[in-house]
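Survey of secondary and tertiary structure
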Amino acid sequence: MFNLNDIIRPNVLKMKAYSSARDEFKGAASVFLDANENNLGSLAGENYNRYPDPHQRKLKERIAEIKGVQPEQIFLGNGSDEAIDLLFRMVCRPGQDSMLHLPPTYGMYEVSANLNDVALQAVQLTEDFQVPVEEVLLNIKPTTKIIFICSPNNPTGNLIEQESITELLTAFKGLVVVDEAYIDFADTRSWTARLNEFPNLVVLQTFSKAWGMAGLRLGLAFASQELVSVLDKIKPPYNINEATQELALQALQREEALKDMVEEIVQERELLMEALPDLPAVVHVYPSDANFILVKVKDADNMYKYLLGKGIVVRNRSGLAGCEGCLRISVGTLEENQKLLQAISEFKAQD
Ligand SMILES: Cc1ncc(COP(=O)(O)O)c(C=O)c1O
């Protein structure tokens, strides 16, 4: 049986959260002299002289409605990158514990593990970029505290099979983090629907992709109420700034516009998927459930430089094991995608 308290670091279990001025006073008042703010006002605009709600109550209520979860099951981070870092700090004892990830995958799991002095265990995804469950299970050690699964996976673009994730959730007594940064572009249900079944499940999402708010830095971790309350205890008190809270709340009223944008991006993705294989320099186009496509090309390093020369920046992933010869290309606007296709069609590979 999974018991959260068994894996939380002893110092985290023991510590108390910082109690902010706005935690200690909750009633109505007209004169606030409790937080050393500038009561004359702000040079940035109305309200910005005040600290933001440390618990992001309004935002969480609205997100809970949209996502079909309880507000208490939501943690908000300064990007999902902050949630990744806090998960390490919550359960991994520096210099003792380890995490397991499945490359080729999102690079921040490794960076954050290194920063927190958490040992890295890597099990390569299979050739079709799925999780080799048996191998993962064989690699689990008593010190393994977190398994990161990215679905749809970055940079490969595919969803990870549900049965594999279920098997790991059932067999592993640590946290299984399913990173769904690109879930809005996939035709599937989120793992948030299964939070009540698996107390060791953490689902990451972000407002940086489909919602188009990468510049505002707002990421989400969905988990049991118990786990979320620990993340809340260890986060910096005001990690989501006032501008982000206000603007995100406005954006969350525009679900229809989100749907339209996602539809357009998926449509553009499908057009790229059709056109790319016909180009002579393209070797293989991997299926994608995300807003990017992994493309194996002839002479990837030179194509990358050639595209830069044309003012087009893509991500060169050819140095990653499992992605040899591959570029990762984000889906752009119709015009951008046409410019990209035109440029690739004129590329002369050195054999
Ligand atoms: C799989 C994955 N997870 C998380 C993130 C980070 O997202 P955020 O902008 O919320 O920090 C990214 C960003 O590219 C990503 O690709």
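Residues numbered from 1 in each chain as written. Predicted model: local features only at pLDDT ≥ 70, side-chain atom pairs only at ≥ 80, totals over all residues. Heavy atoms only, no water.

On to the overall build of the protein, then. Helix and strand counts for the protein come out as 13 helices and 11 strands. Scaling as 2.2 N^0.38, a compact globule of 351 residues should have a C-alpha radius of gyration of about 20 Å, and the protein matches this with 22 Å. The principal-axis extents of the C-alpha atoms in the protein amount to approximately 70 × 50 × 35 Å. Counting over 351 residues, the protein shows a buried share of 49%. Carbon together with sulfur atoms contributes 50% to the accessible area of the protein, which is approximately 17200 Å² in total. Averaged over its 34 positive side-chain charges, the protein has a centre that lies 6 Å from the centre of its 49 negative ones. (Helix = DSSP H or I, 4+ residues; strand = E, 2+ residues; numbered from the N terminus. Rg over C-alpha atoms; globule rule 2.2 N^0.38 Å. Buried < 20%, exposed > 50% of the residue type's maximum accessible area, 1.4 Å probe, protein only. Areas by Shrake-Rupley, 256 points an atom, 1.4 Å probe, with all protein chains shown as cover. Lys, Arg positive; Asp, Glu negative; His and termini not counted. Charge placed at Lys NZ, Arg CZ, Asp CG, Glu CD.)

We now examine the sheet that holds strand β10 (residues 315-316). The 4 strands are arranged β8-β9-β11-β10 in an open sheet whose pairing can be described as antiparallel. Two strands close off the open sheet at either side, each with one partner strand: β8 (282-285) and β10. Both β10 and strand β11 (residues 326-330) contribute to a ladder of 2 bridges, which runs antiparallel. Residue N316 lies in a different strand from β11, and its bridge partner there is L327. (Pairing = 2+ DSSP bridges.)

Take the UniProt feature "domain: Aminotransferase class I/classII large" (unreviewed entry) in the protein next. Those places that UniProt annotates as "domain: Aminotransferase class I/classII large" (unreviewed entry) correspond, in this numbering, to residues 38-344. Secondary structure over residues 38-344 splits into 36% helix and 17% strand, and the C-alpha atoms at its two ends are 55 Å apart. (UniProt positions renumbered as here; feature names shortened; annotations may be inferred.)

On to the site of the ligand. Taken together, 13 residues form the shell around the ligand, and within it S80, D179, Y182, T206 and S208 come nearest. Within the contact set of the ligand, an oxygen atom lies 2.7 Å away from a side-chain nitrogen or oxygen of Y182. Measuring from an oxygen atom of the ligand, one finds a side-chain N or O atom of K209 at 2.8 Å. In the complex, the protein chains occlude 92% of the 400 Å² of accessible area that the ligand would expose alone. Grouping the amino acids of the shell around the ligand by side-chain chemistry returns 4 nonpolar, 5 polar and 4 charged. (Near = heavy atom within 4 Å. Polar contact = N/O pair within 3.5 Å; in protein donor to acceptor, adjacent residues only side chain to side chain. Nonpolar A, V, L, I, M, F, W, Y, C, P; charged D, E, K, R; others polar.)

With respect to the helices and strands, the residue S19 is situated in the loop between α2 (10-14) and α3 (21-24). When the C-alpha positions of S19 and K233 are compared, they lie 9.7 Å apart, and in sequence the two are 214 residues distant. One polar contact links S19 to E24, side chain to side chain, over a distance of 3.0 Å.

Take helix α4 (residues 57-67) next. Along α4, the positions that sit buried rather than exposed are L59, K60, R62, I63 and A64. Summarising the contacts, the buried residues of α4 are in contact with β1 (74-77), β7 (219-222), α9 (225-234), α10 (242-251) and α11 (255-275). Looking at the residues trailing α4, positive phi occurs at G68, about 70°. (Contact = heavy atoms within 4.5 Å.)

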